[in-house]
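Examination of the molecular architecture
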Amino acid sequence: MNKLGHNNPPLDPKETILKNINRKKPILDRDPQFYKGIPIPSWIELSLIDVCNRSCSFCPKSDDSIAPNTYQKMQMVLIDKLVKDLNEIDFQGAFCICGYGEPMLHKDYLKIANKLGSVGGVEIITNGDLVNKKTLLQIYNSKTTRLLISLYDGPEQLKKFKEMIKECKIPEDFVMLRDRWYSDEIDYGVKLTNRVGTINVGNQPDVLNFKKQKCYYTAYQMLIDWNGDVFLCPQDWQRRQSMGNIMQMSLFDIWSGPIISKYRRHLLKGDRQLSPCNKCNADGMVYGEQHYLAWKNS
């Protein structure tokens, strides 16, 4: 990425960030479901493959000592197990296919999206490098409910993808184009965080400002890595603390288990002393207030 970037864009990066936040509110700010008296997650993010073809300075993938490309990928047997577990608790939430790599590099990403789509809504987040007319139509005709394309090269990509969308007769609301081409002067057009102490570029808020702030991540979501390991949230790029593995335990047993429950107790009362949360500067209260209240009252 060019250090100077494009700072005279046809889009307002703040408006794009707000639109990006609002897309998830109908699911994450609703009243949660319960199973056996326990609030269950509404959002599950999956990391299908541990490799990205890009190296953005605001992403831990830009540093091989932190997040090297391992080329490991999720197997369908894991997806089958996940769907089985979710059906058992009548999961009615949604999925985000993104995680620690570029999902379209996984040869079975559409097969996975179709399997997950039998349970809930599915969005795919991509850098767009593998999106062309053929793949765009394939994604639209799958059970994917939304495609988010992050544009890193410049505003010229807007024209390219808007024309592609129009030529393929894809509804405009199916694809969200996210401007991410800016310089560090305006935080690259993203809601910038330090990814739990692994990134320090841009105008980062001080970790101390969040030391006593509640975090709702563990109340409403979970992230599943390529091998089935469940991690606290998408901020933890060094994957320091696994909550369990869905190939060894049921998803509900992990969700209600001792490790994540310990973190949840601390984070929901505004205590970020546990590692890696003590190095995090993410605002964990953007979503999930109803889930937080459900846990508080359960």
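In this convention, every chain numbers its residues from 1, walking through the sequence in written order. Side-chain atom pairs in this predicted model are given and counted only at pLDDT of 80 or more, local residue features only at pLDDT of at least 70, and totals for whole chains, interfaces and linings cover all residues. Side-chain metrics in this entry use all non-hydrogen atoms of the structure; hydrogen atoms and water are not considered.

Topic: the overall build of the chain
- A count of helical and extended segments in the chain gives 10 helices and 10 strands.
- Radius of gyration here uses only the C-alpha atoms, and the compact-globule reference equals 2.2 Å multiplied by the residue count raised to the power 0.38. Over its C-alpha trace the chain gives a radius of gyration of 19 Å, about what one expects of a compact globule, namely 19 Å for 298 residues.
- Taken along its principal axes, the extent of the C-alpha atoms in the chain is 50 × 45 × 35 Å.
- By the burial criterion, 54% of the 298 residues in the chain qualify as buried.
- Sequence separation of 24 or more characterises 73% of the internal contacts of the chain that already satisfy a separation of 6 or more.
- Split by element, the accessible area of the chain, about 13700 Å² in all, is 49% carbon and sulfur.
- Positive charges are assigned to Lys and Arg, negative charges to Asp and Glu, while His and the chain termini are left out of the count. The atoms used to mark charge sites are NZ of Lys, CZ of Arg, CG of Asp and CD of Glu. Where the 41 positive side-chain charges of the chain centre and where its 34 negative ones centre are 3 Å apart. Segments assigned H or I by DSSP are reported as helices when at least four residues long, segments assigned E as strands when at least two residues long, and all are numbered from the N terminus. Working definition: with a 1.4 Å probe on protein chains only, accessible area under 20% of the residue-type maximum means buried, over 50% means exposed, and in between means partly exposed. Whether two residues touch is decided by their heavy atoms; if any such pair falls within 4.5 Å, the residues are in contact. Areas reported here follow the Shrake-Rupley algorithm with a probe of radius 1.4 Å; residue values treat only the protein chains shown as occluding.

Here's the deal with the pairing of strand E4 (residues 94-97)
- In E4, alternate side chains face the same way, and those of Ala 94 and Cys 96 on one face and Phe 95 and Ile 97 on the other are all buried.
- Where strand E3 (residues 43-46) and E4 come together, four bridges link them in parallel fashion. Each bridged residue has a counterpart across the sheet, and for Ile 44 the counterpart in E4 is Phe 95.
- Consider the strands pointing away from the viewer: the crossover is right-handed when the path from the first strand over the helix to the second runs clockwise. For the crossover from E3 across helix H3 (residues 76-88) to E4, the handedness is right-handed. Paired strands, in this sense, are two strands between which DSSP finds at least two bridges.

Observations concerning the pattern of salt bridges
- Think of a salt bridge as a Lys or Arg side-chain nitrogen and an Asp or Glu carboxyl oxygen that are within 4 Å of each other. Taken as a whole and judged by the stated rule, the model has 13 salt bridges.
- The salt bridge partner of Asp 153 is Arg 54, with a shortest N-O separation of 2.9 Å. Highlighted residues: Asp 153 in the loop between strand E6 (146-151) and helix H6 (156-167) and Arg 54 in the loop between E3 and H3, separated in sequence by 99 residues.
- Residues joined by salt bridges that share partners form a network here, namely Asp 50, Lys 61, Asp 225 and Arg 239.

Notes on the sheet that holds E6
- In space, the eight strands of this open sheet follow the order E7-E6-E5-E4-E3-E8-E9-E10, with mixed pairing throughout. The open sheet has two edge strands with one neighbour each: strand E7 (175-179) and strand E10 (242-245). Across this sheet, the average inter-strand angle for adjacent strands is 25 degrees, counted without regard to direction.
- Relative to strand E8 (residues 221-224), E3 runs parallel, the two sharing four bridges. Opposite Glu 45, over in E8, you have Leu 223 as the bridge partner.
- To get an axis, fit a line to the C-alpha atoms, keeping to the stretch in contact for a helix; angles then go from 0 to 180 degrees between the N-to-C directions. Sheet strands in contact with H3 are E3, E4 and E8, and its direction is about 175 degrees off that of E3.

Comments concerning the confidence of the model for the chain
- In the predicted model, the chain carries a mean pLDDT of 90, and the fraction of residues at 70 or more is 91%.
- As a per-residue measure, pLDDT reflects the predictor's confidence and takes values from 0 up to 100. In this model residues 1-9 is a low-confidence stretch, pLDDT under 50, and it forms 24 contacts with partners more than four residues away in sequence or in other chains.

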